[in-house]
Amino acid sequence: MTEDLLHFIWKFRLLRPIPLCTTEKLPLHILQTGEHNTHAGPDFTNGRIRIGATEWAGNIEIHKRASEWNLHNHQHNRAYDNVILHVVHEYDKEVFNSKNQPVPCLELKDYLAPGLLEKYEVLYKNRQEIPCGTGFSQCPDINKEPWLERMLVERLEGKTAFIKELFEFTGRNWEETFYLLLCRNFGFKVNAEPFLQVGRHTPLSILLKHSGNLMQLEALLFGQAGLLEEEWAEEHPARLKKEYTFLKHKYGLSGPVAAEWKFLRMRPGNFPTIRIAQMAAFLQNYQHTFSRVVEAPNLAEAKKWFNLQASPFWDDHYTFKETSIKRTKKMGASSVENLFINTICPLLFFYGCLHDEEKYKEKALAWYTGLEAEDNHIS
């Protein structure tokens, strides 16, 4: 039994179809397993469960044994205070967070699907790069092609559940929903949640009042992101901080957002500072962009609206603190493709579903087939 296997079991719910209970014998329902986190912090973020009659939203931590919680010093780490469920193969100890509150626990060993460990052992001993690859090649095309097409539709349908939540959050406003999805995906997985929180606390209507002033857009976004709080010697961040202080008071903004921005193990071009600067550049030319996407004649035309370049300050910076070799910070082709895969196409598909318009769903599927495969490696 490895922790990676436990992550896989949790992610895909490979459990026996029987009622779950915590180690305290309370009924447990898994509503959302959450998003797999391969960086610092809990193993899964944004999970949702119901224990008894109470619904919880937060993070999930997974260990082989419950006692590993203390072995890894999570009991002293405030980053684990939002863990709503401790998932373990073997429950050998009750654990507590830094507030001395007990952490609910699910012991998996009695809930594993029959034959799961045996199948895992066969695949584990298979030395091919893709252990099940030979089996796929033996599958007839007449079976594969409908399956692959259905997988694409299911992927879009899966993404629309989150889009529906945002759509209701915005009061069923398409442009605001589009803006929040862009915020989330400008964070590119690693910083998706902090970027989304900045969007939630910085209404599009306020940003569009300053669409003619790139400096003010940067001030609002960087300020709400909590990235201007230091005392700056360099002119640009000092000016942004001063402008943000004024705009925050003017609009009564509830910020900065308490977010943990991740820079570790990322290419500098994907630093959140660069992505925020590019988001500001996008908003500078925002003109009912979702409406234009809906009616775009083709994928190439829609891509033109994302030919973005950060302000000149970022030509020789990746952060506010240090200069770098001069290089314009344009939105790369792969980043644009990523935005279409995770934002444009799913939202267009959802739009077609909500309005019962097949042409928009077909457009989303056609655009998907015209995009390069998503690169899911750390960048």
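For clarity, every value in this text was computed on a predicted model and none was experimentally measured.

A. Local environment of the overall build of the protein chain. Per the secondary structure count, the protein chain includes 15 helices and seven strands. Taken across its 379 residues, the protein chain has 45% of its residues classed as buried. Within the protein chain, contacts between residues at least 6 apart in sequence are counted, and of these 59% link residues at least 24 apart. For the protein chain, the accessible area works out to roughly 20500 Å², and carbon and sulfur atoms hold 52% of it.

B. Region of interest: the packing of helix α9 (residues 214-224) against helix α10 (residues 235-251). Between α9 and α10, the least distance of the axes is 8 Å, while the angle of their chain directions is 80°. Here α10 runs roughly perpendicular to α9, going by the angle between their axes. Contact residues: Met215, Gln216, Glu218, Ala219, Leu220, Phe222, Gly223 and Gln224 in α9; His236, Arg239, Leu240, Glu243, Tyr244 and Leu247 in α10. Considered class by class, the residues forming the contact of α9 with α10 number seven nonpolar, four polar and three charged.

C. Summary view of the nonpolar core. Among the nonpolar cores identified, the biggest contains 78 residues, and Phe178, Phe222, Met279, Leu283, Phe306, Phe340 and Trp367 are the most heavily contacted of them. With 21 residues, the next largest nonpolar core counts Leu28, Ile60, Val87 and Leu112 among its residues.

D. Main features of the pairing of strand β5 (residues 54-65). Pairing of strand β4 (residues 44-51) with β5, which is carried by six bridges, proceeds in the antiparallel orientation. Paired with Arg48 across the strands is Ala57, a residue of β5. Where β4 folds back onto β5 in an antiparallel hairpin, the turn is made up of two residues, including Gly52, whose phi is positive at roughly 65°. As judged from the six bridges shared by β5 and strand β6 (residues 83-90), these two strands associate in the parallel manner. When the bridges of β6 are listed, Glu61 appears paired with His86.

E. Main features of the pattern of salt bridges. Using the criterion set out here, one finds eleven salt bridges in the structure. A salt bridge links Arg48 to Glu165; its shortest N-O distance comes to 4.0 Å. Taken together, the residues Arg48 in strand β4 and Glu165 in helix α5 (residues 141-169) connect sequence positions 117 residues apart. For Arg48, a relative accessible area of 27% corresponds to the partly exposed category. Lys303 is the partner of Glu337 in a salt bridge, and the nearest nitrogen-oxygen pair spans 2.4 Å. Within this pair, whereas Glu337 is found in helix α14 (residues 333-354), its partner Lys303 is found in helix α13 (residues 299-303), the two being separated by 34 residues in sequence. Note on Lys303: relative accessible area 25%, which makes it partly exposed.

F. Region of the structure containing helix α11 (residues 272-284). For α11, spanning 13 residues, the distance from its first C-alpha to its last is 18 Å, which sits close to the expected 18 Å at 1.5 Å a residue. Most of α11 sits inside the fold, with twelve of its 13 residues counted as buried. Within the span of α11, buried status applies to Pro272, Thr273, Ile274, Arg275, Ile276, Ala277, Gln278, Met279, Ala280, Ala281, Phe282 and Leu283. Looking at the buried side of α11, the elements it contacts are α6 (174-186), α7 (192-200), α8 (204-208), α9, α12 (289-294) and α14.

G. Examining the side chain of Thr202 more closely. Mapped onto the fold, Thr202 is located in the loop between α7 and α8. Side-chain polar atoms of Thr202 contact the backbone oxygen of Val198, separated by 2.7 Å. The residues touching Thr202, leaving out its near neighbours within four places in the chain, are Tyr179, Leu207 and Gln224.

H. The arrangement of the packing of α14 against helix α15 (residues 358-369) in detail. Packing of α14 against α15 brings their axes to within 7 Å, and their N-to-C directions diverge by 160°. Between α14 and α15, the angle is such that the two are roughly antiparallel. When the axes of α14 and α15 are compared, the crossing they make is left-handed. Across the interface between the two elements, Phe340, Ile341, Ile344, Cys345, Pro346, Leu348, Phe349, Tyr351, Gly352 and Cys353 of α14 pack against Tyr360, Lys361, Lys363, Ala364, Trp367 and Tyr368 of α15. Tallied by class, residues from the contact of α14 with α15 come to 13 nonpolar, one polar and two charged.

I. Spatial organisation of the environment of Trp232. Along the chain, Trp232 turns up in the loop between α9 and α10. For the pair Trp232 and Phe320, spaced 88 residues apart in the sequence, the C-alpha separation amounts to 8.6 Å. If sequence neighbours within four positions are ignored, Trp232 has contacts with Leu227, Pro237, Ala238, Lys241, Phe320 and Lys321. Reaching out from Trp232, the side chain makes a polar contact with the backbone oxygen of Glu230 at a distance of 3.2 Å.

J. Here's a closer look at the confidence of the model for the protein chain. Of all residues in the protein chain, 89% attain a pLDDT of 70 or more, and the chain-wide mean is 87. The weakest mean pLDDT in the protein chain belongs to helix α4 (residues 133-137) at 62; the strongest belongs to strand β7 (residues 105-107) at 97.

K. Region of interest: unusual backbone geometry. Unusually for a residue other than glycine, Asn100 sits at a positive phi of about 65°. When you line up the elements, Asn100 lands in the loop between β6 and β7. Using a relative accessible area of 60% as the deciding quantity, one classes Asn100 as exposed. In this structure, Arg172 takes a positive phi of about 65° despite not being glycine. Here Arg172 is to be found in the loop between α5 and α6. With a relative accessible area of 46%, Arg172 lands in the partly exposed category.

Here is what the cut-offs are and how they apply
Residues numbered from 1 in each chain as written. Predicted model: local features only at pLDDT ≥ 70, side-chain atom pairs only at ≥ 80, totals over all residues. Heavy atoms only, no water. Helix = DSSP H or I, 4+ residues; strand = E, 2+ residues; numbered from the N terminus. Buried < 20%, exposed > 50% of the residue type's maximum accessible area, 1.4 Å probe, protein only. Contact = heavy atoms within 4.5 Å. Areas by Shrake-Rupley, 256 points an atom, 1.4 Å probe, with all protein chains shown as cover. Axes fitted to C-alpha atoms, helices over the stretch in contact; angles between N-to-C directions. Parallel < 35°, antiparallel > 145°, perpendicular 65-115°, else oblique. Nonpolar A, V, L, I, M, F, W, Y, C, P; charged D, E, K, R; others polar. Core = buried A, V, L, I, M, F, W, Y, C linked by side-chain atoms within 4.5 Å. Pairing = 2+ DSSP bridges. Salt bridge = Lys/Arg side-chain N within 4 Å of Asp/Glu carboxyl O. Expected span 1.5 Å × (residues − 1). Polar contact = N/O pair within 3.5 Å; in protein donor to acceptor, adjacent residues only side chain to side chain. Left-handed = near helix turned anticlockwise from the far one by under 90°. pLDDT = per-residue confidence, 0-100.

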